[in-house]
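Survey of secondary and tertiary structure
Spelled out from the first residue to the last, the chains are:
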Amino acid sequence: MLSLNRSCFLSSSGVNGSGIAAKRHRVPAAHVRVACLRPMKAEATTNGGDMSVAMGGAMKEILLSHDNSATADVDGELATMNGDVKDVYGEDSPPEDQLVTPWSVSVASGYSLLRDPHHNKGLAFSEKERDAHYLRGLLPPTIVSHELQVKKMMHNIRQYQLPLQKYMAMMDLQEMNERLFYKLLMDNVEELLPVVYTPTVGEACQKYGSIFRRPQGLYISLKEKGRIREVLKNWPERNIQVIVVTDGERILGLGDLGCQGMGIPVGKLSLYTALGGVRPSACLPVTIDVGTNNEKLLNDEFYIGLRQRRATGQEYAELLHEFMCAVKQNYGERVLIQFEDFANHNAFDLLAKYGTTHLVFNDDIQGTASVVLAGLIAAQKLVGASLADHRYLFLGAGEAGTGIAELIALEISKQTNVPLDLARQNIWLVDSKGLIVSSRKETLQHFKKPWAHEHKPLQNLVDAVKAIRPTVLIGTSGVGRTFTKEVVETMASLNEKPIILALSNPTSQSECTAQEAYRWSEGRAIFASGSPFSPVEYEGKVFVPGQANNAYIFPGFGLGLIMSGAIHVHDAMLLAASEALAAQVTQENFDKGLIYPPFSNIRKISANIAASVAVKAYELGLATRLPQPVDLVKFAESCMYSPAYRNYR
Ligand SMILES: NC(=O)C1=CN([C@@H]2O[C@H](COP(=O)(O)OP(=O)(O)OC[C@H]3O[C@@H](n4cnc5c(N)ncnc54)[C@H](OP(=O)(O)O)[C@@H]3O)[C@@H](O)[C@H]2O)C=CC1
Ligand SMILES: CC(=O)C(=O)O
Ligand SMILES: [Mg+2]
């Protein structure tokens, strides 16, 4: 396992895919191989060449040569280091302070090496490596390439009938061979995204207690109050750059899943790496457990969380505050904290409270807004009207709904120079009590108030569609099948090309299916959904539905923040990300009726988003990485983690 400056102590077993040391024990010196990452300055090159550094005495050579040329010369300077995302040595890059303090990484040999997900290569270990690392006899004689391993794993995964079985196979792989997991995911992203992410991750969270094998992230419960810094130190990695944290209260559209929401941070962070290139060891999944109000879970003998109803008020706020402070103390002010799937009664307040003191991002409010705005900007090519010409109606006025509404208004205001209040006038929302109108203002939650326009009260969506006559209908209610035949038909009767976005996840909660959207609109809808749908044939024509999911945005967005050393998130960065994503939609995509590019191109898309976000960070004076690289797209690409195997000596 990895141990910093503790090269003789190896952990006996990895507890999870990130190699938490459950126990540490001495292993025979002969079985220790040391990969020493010296305090190399930027001039160190790793372009395919081996680096070996003698550690003196019993600690023999080692290191890993790696095949991705990690230290790119961007703008005439070697733009690496500083604790950023770059996988400089094919290993983790050291944070700044470690550039002046030698540090070492110990890699267990033999049996332990095969149990270490960060270094295990399985049957891909070469003859030489098998000799040098005491692997003889522990592996069958055959040697296979990384590519063949991917082919075999895909073959195996396709044998499973149930998505949850595929999910579990992927999680097992992540804990067995991390680089194979990421190569598999990256090479087959369109097929595997629905497995590691929505919709399957929703089912995995619902059954997390039963399928739980090894912890995959950090659990911080009320029991840890007063010692969260200590708990953070139990995590084996120090150089954390992104934390995705949930309290499990609004997991997708499935409600309160308590501690079992952990599947969401784990899944989101695997996308940070696969789609955005943030190295895995810089990612920390966290679940804050303050209890659950889900009676079914409280009575489930396999439930893994605290068996109590949710703490609220001061008790909740204090735990969250301690967590936020501990994170900043441990990892510095440039660690990105992504809030995920909090209930809206906490989400908006947390974002407002920590937005000025921490680098925080709420994916459900901000990431969703940015991806939907991108789709709407792209849709202008298909429908011809500008953003300001549309009328928008949302079903659902929570985090996603009001977040999207506000970003659309901001973009309209920016494009047309009208005041924000005026830009909001063509945007309407319906919540569980009906259309949000001014007569309800007094009783509305604060995030709904800006949307309380003058209108008579209307109770249901069909009436609202008929009255508002929207050109764009967006579902963010978390309630499945609420875009009924009558709703879609009314949209189609009002618009030549109705834009219909059914964003709720997972698939069971989607406001309508792709088939319903195309059939009921007679093939005229421009449709996208939060969870993927297969292509649909209608009257001899094949329609390819797009996926409007924040997964398009957050990995590149986060990369942009990290690589620029941003200290705060600003709305202008969200707008920039939307524009960058919209610009990636090609004529070929438009010809298929798509308003998003395919996920198969996601690394390139993320690099462009990251660059645009970084540009804004520099413009706004929020970037701390100086000087600014001239070619930020190239820089973003050079920062990205590669799952290629290294050669061990
Ligand atoms: N595609 C994507 O990338 C994303 C999708 N989502 C999905 O969006 C959904 C909502 O998430 P989020 O906004 O965070 O959730 P919230 O709980 O914050 O908001 C839900 C909203 O829907 C309203 N609502 C609930 N039931 C009905 C109903 N029957 N009719 C009309 N309105 C209703 C609620 O009304 P009230 O306020 O009156 O209770 C509330 O305004 C989830 O399914 C989530 O998975 C979220 C983020 C990203
Ligand atoms: C996609 C997402 O973040 C959600 O459904 O909550
Ligand atoms: Mg979410």
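From a predicted model like this one, the values you see are computed outputs, not experimental measurements. (Residues numbered from 1 in each chain as written. Chains lettered and ligands numbered in written order. Predicted model: local features only at pLDDT ≥ 70, side-chain atom pairs only at ≥ 80, totals over all residues. Heavy atoms only, no water.)

Glancing now at the site of ligand 2. In the vicinity of ligand 2, the contacting residues are Tyr197, Arg250, Leu252, Lys268, Glu340, Asp341, Asp363, Asp364, Asn505, Asn549 and Asn550. At 3.0 Å, a side-chain N or O of Lys268 approaches an oxygen atom of ligand 2. Between ligand 2 and the protein, one listed contact pairs an oxygen atom with a side-chain N or O atom of Asn505 at 2.8 Å. About the coverage of ligand 2: the protein hides 91% of its 220 Å² of free accessible area. Residues belonging to the shell around ligand 2 are distributed by class as follows: 2 nonpolar, 3 polar and 6 charged. (Near = heavy atom within 4 Å. Polar contact = N/O pair within 3.5 Å; in protein donor to acceptor, adjacent residues only side chain to side chain. Areas by Shrake-Rupley, 256 points an atom, 1.4 Å probe, with all protein chains shown as cover. Nonpolar A, V, L, I, M, F, W, Y, C, P; charged D, E, K, R; others polar.)

Strand order across the open sheet formed by 5 strands is S8-S10-S9-S11-S12, with parallel pairing between neighbours. One side of each edge strand has no neighbouring strand; the edge strands of this open sheet are strand S8 (218–221) and strand S12 (359–362). In this sheet, neighbouring strand axes are inclined to one another by 25° on average, regardless of whether the strands run parallel or antiparallel. With 4 bridges joining them, S8 and strand S10 (residues 283–289) adopt parallel strand pairing. Bridged to Ser221 within S10 is Asp289. Helix H14 (residues 363–383) contacts strand S11 (336–339) and S12 of the sheet and is inclined by roughly 70° relative to S12. (Pairing = 2+ DSSP bridges. Helix = DSSP H or I, 4+ residues; strand = E, 2+ residues; numbered from the N terminus. Axes fitted to C-alpha atoms, helices over the stretch in contact; angles between N-to-C directions. Contact = heavy atoms within 4.5 Å.)

Right, let's talk about the coordination of the magnesium ion (ligand 3) for a bit. Within the protein, the atoms that donate to the magnesium ion (ligand 3) are Glu340 (OE), Asp341 (OD) and Asp364 (OD), at distances of 2.1 Å. Between consecutive donors of the magnesium ion (ligand 3), the numbers of intervening residues give the motif E-D-x22-D. Taken together, the positions of Asp341 in the loop between S11 and helix H13 (344–354) and Asp364 in helix H14 put the pair 23 residues apart, joining distant regions of the chain. One exposure class covers both Asp341 and Asp364, and it is buried. (Donors = N, O, S within 2.8 Å, 3.2 Å for Na, K, Ca; no water. Buried < 20%, exposed > 50% of the residue type's maximum accessible area, 1.4 Å probe, protein only.)

Turning our attention to the site of ligand 1. Neighbouring ligand 1 are 26 residues, the closest being Arg250, Asn344, Ala397, Ser432 and Lys448. In this structure, an oxygen atom belonging to ligand 1 sits 2.8 Å away from a side-chain N or O atom of Asn344. Ala400 places a main-chain nitrogen or oxygen 2.9 Å from an oxygen atom of ligand 1. Here ligand 1 loses 83% of its free accessible area of 920 Å² to cover by the protein chains.

With that settled, consider the side chain of Thr246. For Thr246, the position within the fold is in strand S9 (residues 242–246). A residue is classified by how much of its surface remains accessible, and Thr246, at 0% relative accessible area, is buried. Separated by 2.7 Å, the side chain of Thr246 and the backbone oxygen of Glu340 make a polar contact.

Right, let's get into the packing of aromatic side chains. Taken as a whole and assessed by the stated rule, the structure comprises 14 aromatic pairs. Relative to Tyr182, the ring of Phe181 lies with its centre 4.8 Å away and its plane at 85°, an arrangement referred to as edge-to-face. Each member of the pair, Phe181 as well as Tyr182, carries the same accessibility label: buried. When the centroid spacing of 6.5 Å and the interplanar angle of 55° are considered together, the rings of Tyr538 and Phe543 count as tilted. Among the residues examined, Tyr538 registers a relative accessible area of 17% and is labelled buried. Put simply, the rings of Tyr518, Phe527, Phe533, Tyr538 and Phe543 touch in pairs and so form one group of aromatic residues. Positioned over the ring face of Tyr648 is Lys121, at 5.0 Å from the centre of the ring. Lying over the aromatic face of Trp451, Arg424 brings its terminal NZ or CZ to 5.6 Å of the ring centre. (Phe/Tyr/Trp six-rings, centres within 6.5 Å; stacked < 30°, edge-to-face > 60°. Lys NZ or Arg CZ within 6 Å of the ring centre and 35° of its normal.)

When pLDDT is averaged along the protein chain, the result is 87; 84% of the residues meet or exceed 70. Predicted confidence in the protein chain is weakest over strand S1 (residues 9–11), with a mean pLDDT of 23, and strongest over strand S13 (residues 392–395), with 99. Across the predicted assembly, pTM comes out at 0.88 and ipTM at 1.00. (pLDDT = per-residue confidence, 0-100.)

Under the definition given, this model contains 27 salt bridges. For Lys207, the salt bridge identified is with Glu203, shortest N-O distance 2.6 Å. Sharing partners across several salt bridges, the network here consists of Asp247, Glu249, Asp256 and Arg310. (Salt bridge = Lys/Arg side-chain N within 4 Å of Asp/Glu carboxyl O.)

Counted residue by residue, strand S14 (residues 427–431) has 5 buried out of 5 residues, so it is predominantly covered. Here S14 shows two buried faces, one formed by Ile427, Leu429 and Asp431 and the other by Trp428 and Val430. Note that S13 and S14 share 4 bridges and pair parallel. Looking at the pairing, Phe394 lines up with Leu429 of S14. Both S14 and strand S15 (residues 434–435) contribute to a ladder of 2 bridges, which runs antiparallel. Its bridge partner being in S15, Val430 is matched across the sheet by Leu435. The turn joining S14 and S15, which pair antiparallel and follow one another in sequence, is formed by 2 residues.

Further remarks concern helix H4 (residues 163–176). Along its 14 residues, H4 runs 20 Å from first to last C-alpha, staying within 8% of the 20 Å computed at 1.5 Å per residue. When we look at burial in H4, the residues that qualify are Leu164, Lys166, Tyr167, Ala169, Met170, Met171, Leu173, Gln174 and Glu175. Those residues of H4 that are buried are in contact with helix H3 (146–159), helix H5 (178–187), helix H6 (189–196), helix H7 (200–206), helix H8 (208–211) and helix H10 (263–274). (Expected span 1.5 Å × (residues − 1).)

Attention shifts here to the environment of Gly434. Take Gly434: it is sitting in strand S15. Gly434 gets classed as buried once you look at its relative accessible area, which sits at 0%. In this structure, the C-alpha to C-alpha distance between Gly434 and Gly396, residues 38 residues apart in sequence, is 9.6 Å.

Attention now goes to the sheet that holds strand S18 (residues 526–529). Pairing within the open sheet is mixed, and its 7 strands lie in the order S15-S14-S13-S16-S17-S18-S21. The two strands at the open ends of the sheet, each matched to only one other strand, are S15 and strand S21 (546–547). Taken together, the 4 bridges between strand S17 (residues 499–502) and S18 define a ladder with parallel strand orientation. Bridged to Ile500 within S18 is Phe527.

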